[in-house]
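Summary of structural features
Single-letter residue listing:
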Amino acid sequence: MALQIRPLAPNGFGAEVVGADPTLQLDDAAFRQVEQAWFDHSILVFRNLAMTPEQQIAFTRRLGPLHIMVPLQYNLDGYPEIFVVGNAEEGGKAVGMRRAGMGFHSDGEDKAIPNAGSFLFGVNVPPEGGDTIFADMYSAWDALPAALRDRLAGKRARFSRIELHHVHYPHLPALTEEQKRDRPDVWHPIARKHPRSGRTALYIGRWAVEIEGIPQEEGKALIAELCAHAQKPQFLYRHSWRPGDAVLWDNRCTQHCATPFDEERYTRRMHRTTLEGEQPLLADLAA
Ligand code: SIN
């Protein structure tokens, strides 16, 4: 059956893939259609999937090499390619990372090679709460005042897990010296060129702490302003999860943010496969 790609909004941010096999074993033509739709719409929503871990891994691997999340403790037993998010427990032990994605970010923004994309499958979802909100960073860049775009052109931001780990993960142990050595600060272009679409996205997020060439306090204030700008309602899609949903997003041109749910009453268990990426490209704004 031919797939249908139904845009979620008039501006084309996000689309639902209709008619896919629930195990996502797609023939080459259908797979190419999905891949192109991903580049066109930045996030793709699938409904009513029934994927095994092997099938989720196999589908994601067709999009590119897979990234193994560390520390390994949150990865699914026997499937290191699957990072488990949520409050599920087995035998009294947490199987995934709680409150993993609170605060707008893109996956791997604090790493030298951030992740190209992520594919999140709702294995158990609460009947209320626990939505994921996505921001369209192409539109966020395009909507910045021209003078601010000019000011940011060619500039990079410093992203620091070391400075902000305790802020974003107060419920987790502090980073060890070894973890700090493994996660040094990184600098990425704020105007980021997408390698496939060629479009420019605003690349900033919750781990950003400094902008080059701008005094530190002023840079922090500008980061806060850019983050607030990206979170304006006109750039957002909010996904309310139903069992069997999965969302594929492109970290190079979107941000996302998990939202709370009643952890005493409900179990939320999400399986995420994550794509390796490339060094972020600086957009050539003179072109
Ligand atoms: C994530 O940030 O990868 C997880 C998002 C979510 O749990 O909604």
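Values in this document were obtained by computation on a predicted structure and should not be read as measured data.

**A few points about the pairing of strand E9 (residues 132-136)**
Along E9, 5 of the 5 residues are buried, which leaves the element largely enclosed by surrounding structure. Strand direction decides the pairing type here: E9 and strand E15 (residues 236-239), joined by 4 bridges, are antiparallel. The residue of E15 that forms the bridge with Ala 135 is Leu 236.

**What to know about the pairing of strand E17 (residues 254-258)**
In terms of residue burial, E17 counts as a mostly covered element, since 5 of its 5 residues are buried. Burial along E17 is two-sided: Thr 254, His 256 and Ala 258 facing one way and Gln 255 and Cys 257 facing the other are all buried.

**Observations regarding a nonpolar patch on the surface**
Nonpolar side chains collect at one region of the surface, where Ile 68, Val 70 and Leu 72 lie side by side and expose about 270 Å² of accessible area between them. Residue position: Ile 68 is located in the loop between helix H2 (53-61) and strand E4 (75-76).

**Description of the sheet that holds strand E5 (residues 79-86)**
Within the open sheet, the 8 strands sit side by side as E1-E2-E3-E16-E8-E18-E5-E4. Their pairing is mixed. In this open sheet, the two strands that pair with only one neighbour each are strand E1 (4-7) and E4. As paired strands, E4 and E5 are joined by 2 bridges and run antiparallel to one another. Opposite Leu 76, over in E5, you have Tyr 79 as the bridge partner. On the sheet, helix H1 (residues 28-41) packs against E1, strand E2 (15-18), strand E3 (43-46), strand E8 (117-124) and strand E16 (246-250) and is oriented at approximately 130° with respect to E3. On top of the sheet, H2 reaches E3, E4, E5, E8 and strand E18 (269-274); it is set at about 105° to E5, its chief contact.

**Digging into the domain arrangement of the chain**
Once the domains are mapped, the chain shows domain 1 (4-134 + 237-276) and domain 2 (137-229). Between the C-alpha centres of domain 1 and domain 2 the distance comes to 23 Å. Residue-level contacts link 26 residues of domain 1 with 23 residues of domain 2. Of the roughly 2100 Å² buried between domain 1 and domain 2, counting both surfaces, carbon and sulfur atoms make up 51%. When the buried area of domain 1 at its contact with domain 2 is split by residue, Glu 109, Asp 110 and Arg 252 rank highest and sum to 33% of it. Counting every contact that joins domain 1 to domain 2 gives 2 salt bridges.

**Concerning the site of the ligand**
Around the ligand, the neighbouring residues are Val 85, Gly 101, His 105, Leu 120, Thr 132, Trp 249, His 256, Ala 258, Arg 268 and Arg 272. Residue His 256 places a side-chain N or O atom 3.0 Å away from an oxygen atom belonging to the ligand. Here the ligand loses 99% of its free accessible area of 260 Å² to cover by the protein chains. Among the residues forming the shell around the ligand, the class breakdown is 4 nonpolar, 4 polar and 2 charged.

**Some details on the sheet that holds strand E10 (residues 156-159)**
With respect to topology, 3 strands assemble into an open sheet ordered E11-E10-E14, the strand pairing being antiparallel. Looking at the sheet topology across the chains shown, the edges are occupied by strand E11 (186-189) and strand E14 (208-211). Adjacent strand axes in the sheet meet at a mean angle of 35°, parallel and antiparallel pairs treated alike. In terms of strand pairing, E10 meets E11 through 4 bridges, oriented antiparallel. Among the inter-strand pairings, Phe 159 is bridged to a residue of E11, identified as Val 186. Seen against the sheet, helix H7 (residues 216-230) touches E10 and E14 and runs at an angle of roughly 125° to E14.

Definitions and limits used
- Residues numbered from 1 in each chain as written.
- Predicted model: local features only at pLDDT ≥ 70, side-chain atom pairs only at ≥ 80, totals over all residues.
- Heavy atoms only, no water.
- Buried < 20%, exposed > 50% of the residue type's maximum accessible area, 1.4 Å probe, protein only.
- Helix = DSSP H or I, 4+ residues; strand = E, 2+ residues; numbered from the N terminus.
- Pairing = 2+ DSSP bridges.
- Patch = residues over 30% accessible without salt bridge, like charges linked within 9 Å, V, L, I, M, F, W, Y side chains within 5 Å.
- Areas by Shrake-Rupley, 256 points an atom, 1.4 Å probe, with all protein chains shown as cover.
- Salt bridge = Lys/Arg side-chain N within 4 Å of Asp/Glu carboxyl O.
- Contact = heavy atoms within 4.5 Å.
- Axes fitted to C-alpha atoms, helices over the stretch in contact; angles between N-to-C directions.
- Domains from an automatic or database assignment.
- Buried area = accessible area lost by both parts, 1.4 Å probe.
- Near = heavy atom within 4 Å.
- Polar contact = N/O pair within 3.5 Å; in protein donor to acceptor, adjacent residues only side chain to side chain.
- Nonpolar A, V, L, I, M, F, W, Y, C, P; charged D, E, K, R; others polar.

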